[in-house]
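Chain residues, written in single-letter form:
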Amino acid sequence: MIEYRNVRVALLGAGSVGSQVARLLLEHADELASRAGAGLELVGIAVRDVDAPRDVDLPRELYTTDAGSLILGADIVVELIGGIEPARTLVLQALQSGADVVTGNKALLATHGPELFAVAEQVGAQLYYEAAVAGAIPIIRPLHDSLAGDRIERIMGIVNGTTNFILDLMDRQGSTFEDALATATDLGYAEADPTADIEGYDAAQKAAILASLAFHTSVPLAAVHREGITSVTIEQVRAARKAGYVVKILATAERLTDEDGREGVSARVYPALVPESHPLASVHGAKNAVFVEAEAAGDLMFYGAGAGGVETASAVLGDLVSAARRHVIGGPGVAESTQSDLPVFPIGTVRTRYQITLHVTDAPGVLSTVAGVLAKHGVSVETVEQTTAGASEGTAALVIGTHLAREADLADTVRTLRGEDVVLDVTSVLRFVGA
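This text gives an overview of the structure that appears in the document. (Residues numbered from 1 in each chain as written. Predicted model: local features only at pLDDT ≥ 70, side-chain atom pairs only at ≥ 80, totals over all residues. Heavy atoms only, no water.)

### Description of the sheet that holds strand E2 (residues 39-46)
Quick reminder of the rule: Paired strands, in this sense, are two strands between which DSSP finds at least two bridges. Numbered from the N terminus, helices here are DSSP runs of H or I no shorter than four residues, and strands are runs of E no shorter than two. Here, two residues are considered to be in contact whenever any of their heavy atoms come within 4.5 Å of each other. What counts as an axis is a line fitted to C-alpha atoms, over the stretch in contact for a helix, and the angles between N-to-C directions run from 0 to 180 degrees.
One open sheet accounts for six strands, arranged E3-E2-E1-E4-E5-E6; its pairing is parallel. What marks the edges here is a single partner per strand, and that holds for strand E3 (63-64) and strand E6 (127-128). Relative to strand E4 (residues 76-79), strand E1 (residues 6-12) is paired through four bridges, and the arrangement is parallel. Counted as the bridge partner of leucine 12 is glutamate 79 from E4. On the sheet, helix H1 (residues 16-27) packs against E1 and E2 and is oriented at approximately 145 degrees with respect to E2.

This is the structure:
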């Protein structure tokens, strides 16, 4: 029987993910040791309350409220507390002690990633974060390693299961947003306060992480354009399906060239019209998927569970095995590559297509007025449909699909349309994906 040296593992947090990580570490200790080349010894679990009820039955002697002492006795620290503080302080303490860190904390990385990676590089430690973006889906390591020699052009991801569940329910069952959110809450997909999900904050954090990694550039969270799904109506979803599209909220990270020929990147989150033929259109329920467009590798799709305790624990344990292997082999950690230092362009730089739905007066000259506004802003029309079905007497609905144009020009067009006398309301604005 092979005897392995032990690598001491400290776990911070025993929530839905942390408790599953601890359970799997204890239950599969021999198997994990054979994969890592070292025994993964769980030396303790730092929690706020040792006596709090938990879903997983773990040895009580593992629990402690003294996270600082636990960190100092560990080779690898697994941070699954979430949020910014005290997670940031504890992760910095772990790195400065020379320990490797495994984290699933998207908010921490999106906000303080450069600081943490800089400290890790200074001390020769490694920061692993596969679980931070898409739960069980392996996307960080493929971008970091497998595609390191390729040139990523664009990433589009369904990276929030709650919002995908809601939009999918609206599309496939005809639920209103309010009813779909209530169902998501009842089933445990949505938190009691769903703001982080439905307003796009969670997806924006993940977009910042993906963009930073894919383009070897520091992309701050503040530079990510964010829109949620609270304004998406069942009428929009039905109209999209009728036209051959599905409404999905996407986190997009893209390499761009501006009008002056400068190369930069864009990171943004908003609901978009996805063609039924696109692989992302068939991502149902609370599943996640990340679609990568690379120069040499072409199109790649990563699909699976984006959340869940045991599912996300899989990604954490993968990082943990990698960290243990590094301890066995020795040598300093590999620094994050941010040497490209590309500028992050504002949303107005992006070239896209809009679908604009207007509630207008049903009178002669309306189309010419609307067309004049678009022409004034350099936006041309690709499709137009006018109908009085469902409209009140003397009014009509006008659905306009534009050609490619700058986001800034399209947004100015919509603002001008809102001020026209013949336009009673701009009832819907959606972007076409991949445009």
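### Thoughts on a nonpolar patch on the surface
Quick reminder of the rule: To count toward a patch, a residue needs a relative accessible area over 30% and no salt bridge; like charges are then connected within 9 Å, while nonpolar side chains (Val, Leu, Ile, Met, Phe, Trp, Tyr) are connected within 5 Å. The method behind every accessible area is Shrake-Rupley, applied with a 1.4 Å probe, and residues are considered shielded solely by the protein chains displayed. Here, a salt bridge means any side-chain nitrogen of Lys or Arg that lies within 4 Å of a carboxyl oxygen of Asp or Glu. Relative accessibility thresholds used throughout: buried, under 20% of the residue-type maximum; exposed, over 50%; partly exposed, between the two (1.4 Å probe, protein chains only).
Together, Leu367, Val381 and Val384 give the surface a local cluster of nonpolar side chains, amounting to about 240 Å² of exposed area. Within the secondary structure layout, valine 381 lies in strand E15 (residues 381-387). Overall, the relative accessible area of 38% leaves valine 381 in the partly exposed class.

### Observations concerning the environment of glycine 306
Along the polypeptide, glycine 306 turns up in the loop between strand E12 (298-305) and helix H13 (309-329). Along the sequence, glycine 306 and alanine 267 sit 39 residues apart, while their C-alpha atoms lie 20 Å from each other. Non-local contacts of glycine 306, meaning those with residues more than four positions away in its chain, are made with Ala134, Gly135 and Asn288.

### Describing the environment of alanine 289
Looking at the element boundaries, alanine 289 is found in strand E11 (residues 287-294). When its relative accessible area of 0% is taken as the criterion, alanine 289 is described as buried. Considered as a pair, alanine 289 and threonine 383 are 94 residues apart in the sequence and their alpha carbons are 30 Å apart.

### Focus on the packing of helix H8 (residues 161-173) against helix H9 (residues 177-186)
Where we set the bar: Should an angle fall under 35 degrees it is called roughly parallel, over 145 degrees roughly antiparallel, and 65 to 115 degrees roughly perpendicular, with every other angle called oblique. Crossings are assigned a handedness: left-handed for a near helix turned anticlockwise from the far helix by less than a right angle, right-handed for a clockwise turn.
The contact between H8 and H9 brings their axes to 9 Å, and the two run at 130 degrees. Put simply, H8 runs oblique to H9. Once H8 is placed against H9, the crossing between them reads as right-handed. In this structure, H8 uses Phe165, Ile166, Leu169 and Met170 to contact H9, whose residues at the interface are Phe177, Ala180, Leu181, Thr183 and Ala184.

### Regarding the pattern of salt bridges
The tally for this structure, following the rule as stated, stands at 27 salt bridges. In this structure, glutamate 115 engages arginine 88 in a salt bridge whose closest nitrogen and oxygen atoms are separated by 2.8 Å. Highlighted residues: glutamate 115 in helix H5 (residues 106-123) and arginine 88 in helix H4 (residues 87-96), separated in sequence by 27 residues. Using a relative accessible area of 30% as the deciding quantity, one classes glutamate 115 as partly exposed. Between arginine 431 and glutamate 227 there is a salt bridge; the shortest N-O distance is 2.9 Å.

### Observations regarding the packing of aromatic side chains
Rule in force here: A pair of aromatic rings is counted whenever rings of Phe, Tyr or Trp (Trp by its six-membered ring) have centres within 6.5 Å, and the orientation is called stacked for planes under 30 degrees apart, edge-to-face for over 60 and tilted otherwise. Whether a charge sits over a ring depends on NZ of Lys or CZ of Arg being within 6 Å of the ring centre and within 35 degrees of the ring normal.
Taken as a whole, this structure holds three aromatic pairs when the rule is applied. Between arginine 226 and the ring centre of tyrosine 201, over which it is positioned, the NZ or CZ distance is 3.9 Å. The ring of tyrosine 270 carries arginine 431 above its face, with NZ or CZ at 4.0 Å from the centroid.

### Let's talk about H5
Operational definition: Given a residue, its bend is the angle between the two axes fitted to the seven residues that end at it and to the seven that start from it. As used in this structure description, the phrase polar contact means that two N or O atoms lie within 3.5 Å; if the pair is within protein, one of them must be able to donate a hydrogen and the other to accept it, and residues adjacent in sequence are counted only when both atoms belong to side chains.
In H5, a bend of some 85 degrees at histidine 112 exceeds every other bend along the element, and proline 114, a proline, comes one to four places later. Here the buried face of H5 lies against E4, H4, strand E5 (100-103), E6, helix H6 (131-134) and helix H11 (201-214). For H5, the N-terminal capping position is held by asparagine 105, with its side-chain oxygen 3.4 Å away from the main-chain nitrogen of alanine 107. Trailing H5 by a residue or two, glycine 124 shows a phi angle of about 80 degrees, which is positive.

### Points about H9
Our working rule: Arc, as used here, means the arc of the directions from the helix axis to the C-beta atoms.
Residues of H9 that are buried include every one of Phe177, Ala180, Leu181 and Ala184, and no others. Viewed end-on, H9 has its buried residues packed into an arc of 100 degrees, placing them on one side of the element. Across from the buried face of H9, at angles greater than 90 degrees, the exposed residues are Glu178 and Asp186. Structurally, H9 contributes buried residues whose contacts are with H8 and helix H10 (195-198).

### A word on the nonpolar core
Note the cut-off: Here the nonpolar core consists of buried residues drawn from Ala, Val, Leu, Ile, Met, Phe, Trp, Tyr and Cys, with membership extended through side-chain atoms lying within 4.5 Å.
Val77, Ile139, Ile152, Ile155, Ile166 and Met170 are the most contacted members of the largest nonpolar core, which has 81 residues in total. Sorting elements by how many residues they give to this core places H11 first, with nine residues. If we ignore the near neighbours within four places in the chain, the residues touching isoleucine 152 are Leu143, Leu147, Ala214, Phe215, Arg255, Val292, Glu293 and Ala294. Listed in part, the 35 residues of the second largest apolar core include Ala22, Leu24, Leu62 and Leu317.

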